[in-house]
Number of protein chains: 2
Amino acid sequence: IPISNTTEHGGSEGENNDKFFTHPRNPKALAAYLFAHNHLFYMMELLTGLLLMVLSLSEAPAVPSLRLDVYVHATLELLALVMVAFELCMKLRWLGFHTFIRHKRTMVKTCVLLLQFVEAIVVLIRQTSHLRVTRALRPIFLVDCRYCGAVRRNLRQIFQSLPPFIDILLLLLFFMVIFGTVSYCFVWLFSSQYFNTLENSIVSLFVLLTTANFPDVMMPAYSRNRWSCVFFIVYLSIELYFIMNLLLAVVFDTFNGVEKMKFKSLMLHKRSAIDHAFQLLVSRQRPMGLSLKQFDGLMRFYRPRMSARDRFLTYKALNTAGAPMLSLDDFYKFYEVIGLKWKARRSGEHWFDDLPHTTFLIFKGINLLVKSKAFQYTMCKWTSIISSGFSSSRIVPWSYIVFLTIYGVEVLLKVTGMGPLAYFSSGWNLFDFFVTVFAFLGLIALAFDMEPFYFIVVLRPLQLLRLFKIKQRYRNVLDTMFELFPRMASLGLTLIIFYYSFAIVGMEFFADVVYPNCCNTSTVADSYRQINVTIGNRTVLDEGYYYLNNFDNILSSFVTLFELTVVNNWYITMEGVTSMTTHWSRLYFMTFYIVTMVVMTIIVAFILDAFVFRMNYSRKNKEPLLDPEGKVFEAEVSRDEALATLELYKQTCPGLSSLNSLQGTDTHTRSHSFTNLSQIQEWYAEYSRENLPQSDRSLVERELEIPPPCPDPEPQPNSQGPLSIN
Amino acid sequence: IPISNTTEHGGSEGENNDKFFTHPRNPKALAAYLFAHNHLFYMMELLTGLLLMVLSLSEAPAVPSLRLDVYVHATLELLALVMVAFELCMKLRWLGFHTFIRHKRTMVKTCVLLLQFVEAIVVLIRQTSHLRVTRALRPIFLVDCRYCGAVRRNLRQIFQSLPPFIDILLLLLFFMVIFGTVSYCFVWLFSSQYFNTLENSIVSLFVLLTTANFPDVMMPAYSRNRWSCVFFIVYLSIELYFIMNLLLAVVFDTFNGVEKMKFKSLMLHKRSAIDHAFQLLVSRQRPMGLSLKQFDGLMRFYRPRMSARDRFLTYKALNTAGAPMLSLDDFYKFYEVIGLKWKARRSGEHWFDDLPHTTFLIFKGINLLVKSKAFQYTMCKWTSIISSGFSSSRIVPWSYIVFLTIYGVEVLLKVTGMGPLAYFSSGWNLFDFFVTVFAFLGLIALAFDMEPFYFIVVLRPLQLLRLFKIKQRYRNVLDTMFELFPRMASLGLTLIIFYYSFAIVGMEFFADVVYPNCCNTSTVADSYRQINVTIGNRTVLDEGYYYLNNFDNILSSFVTLFELTVVNNWYITMEGVTSMTTHWSRLYFMTFYIVTMVVMTIIVAFILDAFVFRMNYSRKNKEPLLDPEGKVFEAEVSRDEALATLELYKQTCPGLSSLNSLQGTDTHTRSHSFTNLSQIQEWYAEYSRENLPQSDRSLVERELEIPPPCPDPEPQPNSQGPLSIN
């Protein structure tokens, strides 16, 4: 049993790029390993991590409505920490002590855990929160959990991009210092609040780099001498328009390199995992190949919920040569084929093929009509007419009702013409359907005067989005948008983790430091003002509003940090906080700016990379990349073959009802949609093969041809059968 | 004679991608052609164009110190226009009427010229300037001149990037309208000055897209309900962080495609020009090859100032096979080889090789010392020490003097050790030299208390730049910066041309509309305020300064437009002007924003492209891309060969003193620095060949193998000799 489980493990390992040395080595370790590797355990990990992070909503500077007593949230925290400790114990049991302390991420987690434990106990004893900056380390527990692999990858990529980034950053800061010195020297020209000390000069130039104070910082000098604008123009041209773009270029370049390396190493890792599994599976009598029986045994461990039909089809798809045994070369495609989804091909082309003849002809006509270009263009023309005249008034023009009826009829026609299944399988049709249904609901809401549903009326202009599906570029853009969504979400999550850490630090140091009329000594007093002004005979509240950008609780902190990310007017928040605390607070804001700059630059580089690649890809293939049905590859199964397989299955495990599906359907299609992981990896494979310089390309190909040596030195005792089925 | 001149013309045509159908067809046309194609004429074109543009400094809303009377500047304008008309006449004469009206650019120029003529005469008659928006078209005269080819190319590239750009822009505007409608519907939440009408909503969202009004626009709603921030966060995430990056990606992609196409077409054009020239040059007896004599004749027309030595070496470099005649295949490399610079190889390695032995040993030692790594590192350490302690005070610490002396000695050592020529041929050494000299001058200025030279002292921190030459990345960055400079300059010039047109339009409509305390009815009244405020017992001038951002003359307009380009707080200028004129003024500002966005995006795309390519290139070659001596390729010339050539030359044209240089030097080196045009084109060639997908690459190669058919149908009467020498 251990051997087959190791194989299974090798399988999932190959997929996830885990290290082989973390394999469980003995039955006790295996028990712990199995305990720690299922979705229930992963879920627990995730929830514990989330709980720890969410706790900061109710701790000391809490969101008013969610405030909890100290003993409540400290107990909750202790509970969560105990859970984390339990998880770590399982890991220790599975990995063994030596591997455990060699694993860097786990060690860091352990240290943070101990620290948090001590602090939580201290809080519980003192019944009051002390300065707990270490809470900023809490995201570690979340990031370490199995489901956050994408976030971990992003973080690794960010850290790998750092060295070149820092080089260019130094260049940036260097020019800043030079210009700061120059401006400080021409004190007779620049003597304003912005340049009165060397520190202020450099801070002003740092803010100027973000353009947040731009014309204002120039104005006093400009009003004194018109030529002083040259200083600012030269500074911005060098720093903002040249070096900042350079920063993007360097990050873009590093990002590409890292992606390529990652893909290469993952591919090699998968190959060695397959090698490993193959060596374990083959029987001694026939060491060169894998029989269906052996393969079936593997699949039952690797994917317990896969149907017998799919297992057989997978085997057939791997076995391209049609030989009785699966060779190692065939087996190498395992991860690609395992990602495919199998579905039986429908016998007929249309859902109405088996209806009576007259009905069939009617539906056939509708089908041809809705698929025609003319129909689509007419519908889009109408859309543009109807939408150009949209208004948000509550009076519905009769034309709107007419057009909406036409839409309704269109949807009905399409559903009947294409069949409900085919219709709803296209994202665009789904979109059409929901837009139309929403419009009808909006109309009903208006007719019956239901106040809370007015928001539906507001979404009316979304109908214009229909227009976008005509133009290829928009289709590309929107399709790519949907495809990139998972990756974008993981990048967003990474950003939120940075936000969280900064929010905790901000709350610990700057909670409740800004309030209305607080910063009267600073240069940004106006923005924090809240006074009653009498104009004529009316009293108006003159509000600066910036006191709302505070660190009073974690939600406010997040909004404040988002404002800092957008950069505009961020110096007002900085100066406000600085005037109420010390000059060192600026360090916090500047660090935050630089960190978000890194993350944002990587996001830009990622979007740029993905889109440019996609455009090249679709240009090369000429055909639209994502036709609604996806790419279809067929594997034909003859009736004889199916029956033979059925016999085999009946032999090994009699009474498996799912096998019946093999009978009756002669042909199966396998379709893979572009969204599944293996396809994206394939996509990247092609991508990196294309973009690598000649020398590197040959390297990859060589690596593919010569499989790395198998890590198992001694021959396996395979006589007991490759897998103990049952 | 016409034939040889056509050949010469074919030569320069091939280089510049002019169309072949613009060839002069008869002797009269040729005379006009020759007249219009020399540097004197080009200079005249340039100066006329510049004069017309500079005139706007002195016209109606003039810079005070440069104001001219109406009759003066109108007369100057007429004069310049007459010059342009004269140039056009020459062109008409050369091209013939039919070609002339087929040439689009020339036709546009003619129309603009006629319009300007009429307007200038009207101004002269009425003695007052009317609304002359057409002055915005003046840059056409400058752009059309021969020296502004780079700017024309940029403009073409911008126009070619427009269609995809506009597509994405529409997407951007579409979402803006949707969000605008939504915000206008939730009027109970958003009812502030920013969202009180639908127009204001959309304008606010447009400004928000540039982040210029960010936290402010959110604040009123945020103070009412904290969750309203979601609206703004979603809007910015979609518009700013996604679609704007998409815009960059699309422009980047189109830009790459256009560059590739341009390079391909230029290469093909050059080939057909060479074909053409070859057909004209070969004699009837030997139609397969070109003799040295024929080649020499060509070169004397093509490059009259090239020395006989260089002509011979060029021939030899082309003639790689060593055959007596130059084949067409050899001749195809013409443009590459013609860009090479030839210099005789020095007999010895060092300049001091022929000095007496003792002196030689001393210099040899110094040479070894200054080239050693240890020496360089020591100097850099010192620099970092000295620079870290720099201050802008006038008291010079003694350590500074000591280190400066060391620098002086270093420079002296290097000059003597490497020889002045070798020393100054490296840009980094030149930089070192000037920094040291400046530092000394600054010291002298301080010592003798010469006020106006204090600025030199300020440049002291520039010494830190020395540190950058150690790290490869910085060397790469700075070297690339210098290489890209010409292209960046042309992009900058293109931007200035857009600025000019917008400045003229701005001046015509918005001159003198803003002044202190002007915009009291608008939301930005504070920024235009200039009032005396009494605080305690002091009277302080409370200045908003924004009235300085006006369109009162062309220089102010340029500064204002630069501020609009930087984007921050641009809406204050927009709202100020709008409040004093009509709502339609916003159109001007928004159009300007979009235009600069296009140009800036292209600049970013260009920098990105160039740097990423360069990094890949230098990574591929591993060796530093620009070793100080450049790539050196040697062509050895034996003494016999040299004498034979000399004989030949003496035969054809006796008494040419420049030939003497052939004797005495046995070996010549040809070195090409990376900065010359042909190299950069070669660089691009490699670049595009590498980046093209496989199918395109084979296309290029096929195009290279099968030369396009020669455009000349009838065989040339070559019996009179290929070129009439003397």
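So, how was this worked out
- Residues numbered from 1 in each chain as written.
- Chains lettered and ligands numbered in written order.
- Predicted model: local features only at pLDDT ≥ 70, side-chain atom pairs only at ≥ 80, totals over all residues.
- Heavy atoms only, no water.
- UniProt positions renumbered as here; feature names shortened; annotations may be inferred.
- Phe/Tyr/Trp six-rings, centres within 6.5 Å; stacked < 30°, edge-to-face > 60°.
- Helix = DSSP H or I, 4+ residues; strand = E, 2+ residues; numbered from the N terminus.
- Buried < 20%, exposed > 50% of the residue type's maximum accessible area, 1.4 Å probe, protein only.
- Lys NZ or Arg CZ within 6 Å of the ring centre and 35° of its normal.
- Contact = heavy atoms within 4.5 Å.
- Buried area = accessible area lost by both parts, 1.4 Å probe.
- Salt bridge = Lys/Arg side-chain N within 4 Å of Asp/Glu carboxyl O.
- Polar contact = N/O pair within 3.5 Å; in protein donor to acceptor, adjacent residues only side chain to side chain.
- Nonpolar A, V, L, I, M, F, W, Y, C, P; charged D, E, K, R; others polar.
- 1 Å grid on protein atoms, 1.4 Å probe; cavity = no way out; pocket = protein on both sides within 12 Å on 5 of 7 lines; lining within 4 Å.
- Points joined across faces, edges and corners; volume = space filled by probe spheres on them.

As annotated in an unreviewed UniProt entry, chain A carries the name Two pore segment channel 1 and comes from Oncorhynchus kisutch. For chain A, the Subcellular location (unreviewed entry) comment in UniProt is given as "Membrane".

Trainee: Describe the packing of aromatic side chains, and please don't skip the residues or the numbers.
Mentor: Summed over all chains, the structure comprises 57 aromatic pairs over all chains. Measuring from centroid to centroid gives 6.1 Å for B:F206 and B:W570, while their planes differ by 65°, and the two rings are edge-to-face. Placement of B:F206 in helix α10 (residues 198-209) and of B:W570 in helix α26 (residues 570-580) is noted, with a sequence separation of 364 residues between them. Like B:W570, B:F206 is buried. Where B:F278 meets B:F331, the ring centres are 5.7 Å apart and the plane angle is 45°; that geometry is what we call tilted. One end of the pair, B:F278, is in helix α12 (residues 229-281); the other, B:F331, is in helix α15 (residues 328-331), and 53 residues separate them in sequence. This pair shows no difference in class: B:F278 is buried, exactly as B:F331 is. Lying across the ring of A:Y332, A:R271 places its NZ or CZ 3.7 Å from the centre. Sitting over the face of the ring of B:Y222, B:R226 holds its NZ or CZ atom 5.3 Å from the ring centroid.

Trainee: Tell me about the interface of chain A and chain B, residues and numbers included.
Mentor: Each side of the interface is counted separately: chain A has 78 residues, and chain B has 78 residues. Here chain A packs against chain B, burying approximately 7,500 Å² in sum over the two surfaces, 75% of which is carbon and sulfur. Looking at the side of chain A facing chain B, the largest losses of area belong to A:Y241, A:F242 and A:F562, adding up to 8% of the total buried there. Summed over the shared surface of chain A and chain B, the result is zero salt bridges. Counting every contact that joins chain A to chain B gives eight residue pairs in polar contact (both at pLDDT 80 or more). Listed by contribution, the elements that provide at least two residues to the side of chain A that touches chain B are α8 (149-185), α11 (214-224), α12 (229-281), α22 (454-458), α23 (465-468), α24 (472-510), α25 (554-566) and α27 (585-621) of chain A. Among the residues making up the side of chain A that touches chain B, the classes are represented as 56 nonpolar, twelve polar and ten charged.

Trainee: How would you summarise empty space enclosed by the protein if you had to cite specific residues and measurements?
Mentor: Using the criterion set out here, one finds 17 cavities of 30 Å³ or more in the structure. Space inside the largest cavity adds up to approximately 1,400 Å³. Lining the largest cavity are 41 residues, and of these A:L240, A:M244, A:N245, B:L240 and B:N245 sit closest to its centre. When residues of the lining of the largest cavity are traced back to their parent elements, those giving at least two are α12, α25 and α27 of chain A together with α12, α25 (554-566) and α27 (585-621) of chain B. Across the lining of the largest cavity, the residue classes tally to 27 nonpolar, 14 polar and no charged.

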